[in-house]
Amino acid sequence: MDRNTVADRPAEGVEHPEHRVEFELSPGDIQSVRFGISPGHELAHAVRVLLRPEQHPLQWGWLREVRGRLPRDSFELLAAVVGEDGYLPDFLTAAPRWDMTPGSELEALRSAPLEPMRVDFGKMVLRSTGSRRRALREMQDRPARARTMIAAAWQDVWDAAIAPVWPQLERLLRADIAVRSRTIAASGISGMADDLHPNVSWGAGAVRVRLRKHSEQVDCRGSGLVLVPSVMSSWGCMVLTEPPAQPTLFYPARGVTAGWTRSATETADALGALLGFARSAILLAASDARTTSQLAQDAGIAVSTASHHLTVLRAAGLIASERAGARMLHLRTPLGEAMVGAAL
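Let us look at the structure shown here. All residue numbers here refer to positions counted from 1 along the written sequence of the relevant chain. Local features are withheld for residues below a pLDDT of 70 in this predicted model, meaning they are given only at 70 or higher, and side-chain atom pairs are given and counted only at 80 or more; totals for whole chains, interfaces and linings count all residues. Side-chain measures were taken over the full set of non-hydrogen atoms in the model, leaving aside hydrogen atoms and water.

## A closer look at the pairing of strand 4 (residues 206–210)
Right, on to step 1. Whether two strands pair comes down to DSSP finding at least two bridges between them. Runs of E in the DSSP output that reach at least two residues are strands. Runs of H or I that reach at least four are helices, and both are numbered from the N terminus. Two elements, strand 1 (residues 20–24) and strand 4, share five bridges in a ladder whose sense is antiparallel. Bridge pairing in strand 4 links valine 21 to valine 209.
Right, on to step 2. Pairing of strand 3 (residues 200–203) with strand 4, which is carried by four bridges, proceeds in the antiparallel orientation. The partner of glycine 203 across the bridge, within strand 4, is alanine 206.
Right, on to step 3. What sits between the antiparallel neighbours strand 3 and strand 4 is a turn of two residues, in which alanine 204 has the positive phi angle 55°.

## Remarks on the environment of leucine 310
Right, on to step 1. If you trace the backbone, leucine 310 turns up in helix 12 (residues 303–315).
Right, on to step 2. Distance in space between the C-alpha atoms of leucine 310 and arginine 118 is 56 Å, their sequence separation being 192 residues.
Right, on to step 3. Residue contacts for leucine 310: discarding those within four places in its chain leaves Ile282, Thr292, Leu295, Ile319 and His330. The criterion used for residue contact is that any of the two residues' heavy atoms lie within 4.5 Å.

## Some words on the packing of helix 6 (residues 130–141) against helix 7 (residues 143–162)
Right, on to step 1. Working convention: axes come from line fits to C-alpha atoms, limited for helices to the stretch in contact. Angles between N-to-C directions cover 0 to 180 degrees. It is the contact of helix 6 with helix 7, at a shortest axis distance of 5 Å, that shows an interaxial angle of 115°. Taken together, the axis directions place helix 6 and helix 7 in an arrangement best described as roughly perpendicular. Of the residues in helix 7, those touching helix 6 at Glu138, Met139, Gln140 and Asp141 are Pro143, Arg145, Ala146 and Ile150.
Right, on to step 2. When residue character is reported, Ala, Val, Leu, Ile, Met, Phe, Trp, Tyr, Cys and Pro are called nonpolar, Asp, Glu, Lys and Arg charged, and the others, Gly included, polar. For the contact of helix 6 with helix 7, a count of residues per class yields four nonpolar, one polar and three charged. Any angle that is under 35 degrees is reported as roughly parallel, and any over 145 degrees as roughly antiparallel; angles of 65 to 115 degrees are reported as roughly perpendicular and all others as oblique.

## Structural notes on the packing of aromatic side chains
Right, on to step 1. For this analysis, a ring pair means two rings from Phe, Tyr or Trp (six-membered ring only for Trp) whose centres lie within 6.5 Å, classed as stacked if their planes differ by under 30 degrees, edge-to-face if by over 60, and tilted for the remaining angles. The tally for this structure, following the rule as stated, stands at three aromatic pairs.
Right, on to step 2. A ring pair is formed by phenylalanine 91 and phenylalanine 121, whose centres lie 5.3 Å apart and whose planes are at 55°; its orientation type is tilted. Of this pair, phenylalanine 91 sits in the loop between helix 3 (72–82) and helix 4 (102–110) while phenylalanine 121 is found in helix 5 (residues 114–126), placing the two residues 30 residues apart along the sequence. We note that phenylalanine 91, like phenylalanine 121, is buried.
Right, on to step 3. Joined through ring pairs, the aromatic side chains of Trp154, Trp158 and Trp166 make up one cluster.
Right, on to step 4. Taking NZ or CZ as reference, arginine 127 lies 4.7 Å from the ring centre of tyrosine 87, over its face.
Right, on to step 5. Seen from the ring of tryptophan 98, arginine 174 lies directly overhead, with NZ or CZ sitting 4.4 Å from the centre. Only protein chains enter the calculation, and the probe is 1.4 Å; a residue is then buried if its accessible area is under 20% of its type maximum, exposed if over 50%, and partly exposed in between. Counted as over-ring charges are cases with an Arg CZ or a Lys NZ within 6 Å of the ring centre that also lie within 35 degrees of the ring normal.

## So, the pattern of salt bridges
Right, on to step 1. Take a side-chain nitrogen of Lys or Arg and a carboxyl oxygen of Asp or Glu: if they are within 4 Å of each other, that pair is a salt bridge. Under the definition given, this model contains 15 salt bridges.
Right, on to step 2. Here lysine 123 makes a salt bridge to glutamate 242, at a shortest N to O gap of 2.8 Å. One end of the pair, lysine 123, is in helix 5; the other, glutamate 242, is in the loop between strand 7 (238–240) and strand 8 (248–252), with 119 residues separating them in the sequence.
Right, on to step 3. Overlapping salt bridges bring together Asp176, Arg180, Asp195 and Arg254 as one network.

## Let's talk about the state of the cysteines
Right, on to step 1. Any two cysteine sulfur atoms within 2.5 Å of one another count as a disulfide. Taken as a whole and assessed by the stated rule, the structure comprises zero disulfides.
Right, on to step 2. Distance from the sulfur of cysteine 220, which forms no disulfide, to the nearest cysteine sulfur (cysteine 237) is 15 Å.
Right, on to step 3. A residue is classified by how much of its surface remains accessible, and cysteine 237, at 7% relative accessible area, is buried.

So, in C-alpha cells, the structure goes:
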C-alpha cells in the first residue's frame, strides 16, 4: 500500500494516534471525487460483525434475525478469508460504483485474476496463526479452487444474511450519498470531508484519515477519490490505496440506528405516526428529484393536496423545491434525509 511513504510518521503496523492517510487533491478536483456502493464490503464486514458481535451494538437487531439461518460451512470459509479485524483482501470486493449490484460484485469475484489472489493470500498468511493460517496457505497453493469455493460461500452467506435486508441497507447507503453530494455542491469538498467522520478532515488540499496502524500519502490528482458509505462497518473508516485500485475511503453511513433493518412498510408507519400518511409518503418518495404530479401519484392523493403538503414540508426544512424549466422539482433536504434515516 505504499504509493508514497510519509516521512516522520509512526512505525507501520504499530498503533499510534498520529497515523493517517492523506488523499491529495487539486484545488479544483471536485469532479474527481465520486461516490460508490460496495455490496462486497458490506458482506465482508457483516462476517466480522458475526465474529465479534459485542463490538457492534447497532447491528444486534440484524444479528438476532440472521444467526439462525447462517450456512455454517460457507460462513466458516468466509470467516477464514475475512478474519476478525485488520487487512481485508482486495479480491473480495470490486471497484465500488454508484450502480454496483450484488450480482455484478459476485461475477467480479468469480473472474478475479489468480496471481493477485495468491499475493493477497500471502499477506493474510503473514497476519494469521494456527488453523486459519493453514487454511489460507492451502488456498494460496490452489487459488483457482479457492476462488470457486469462496464465490460459492459468498453467494450462500449473502442469500442468508444480507439479501433479506438489502433494500433497507441500500436505501441507507443511497440516502447518505444524496446528503454528501448536496454538501459538496453547497460547501465544497472541505465541508463534506469534515462531516464524514471524526477521523476524517480536510487540510492542505488533502482528505486526511486517521488510522490505527498505517500512514501513507496518496496522490489522487488524475485518479480521483472514491467515497463509499457503509452500514456494516459502522465503527470507523477504512482505505484502499494499493494500485491498480482507485484510491477509496470507506466511512460509516449516517442514519444507522439499531432499528435499521425495519422494512419499508414499518418505516412508512413510523413516519406516518409523526407526519401523517400523506406527508410521510411524499417525504419517502422524494429521495430523487420529482415533480408535484409524480409525488401526488406516489402518495395516491390529488395534485392540489400534494402541493399543500409540500408547502408544509418545505417550511419545516424537510423538502427543497427548485424550478427546472417549466417543472418544479422537489427533493429531500439533509434534514429530511436524517429524519428518514432515524425512522429506519
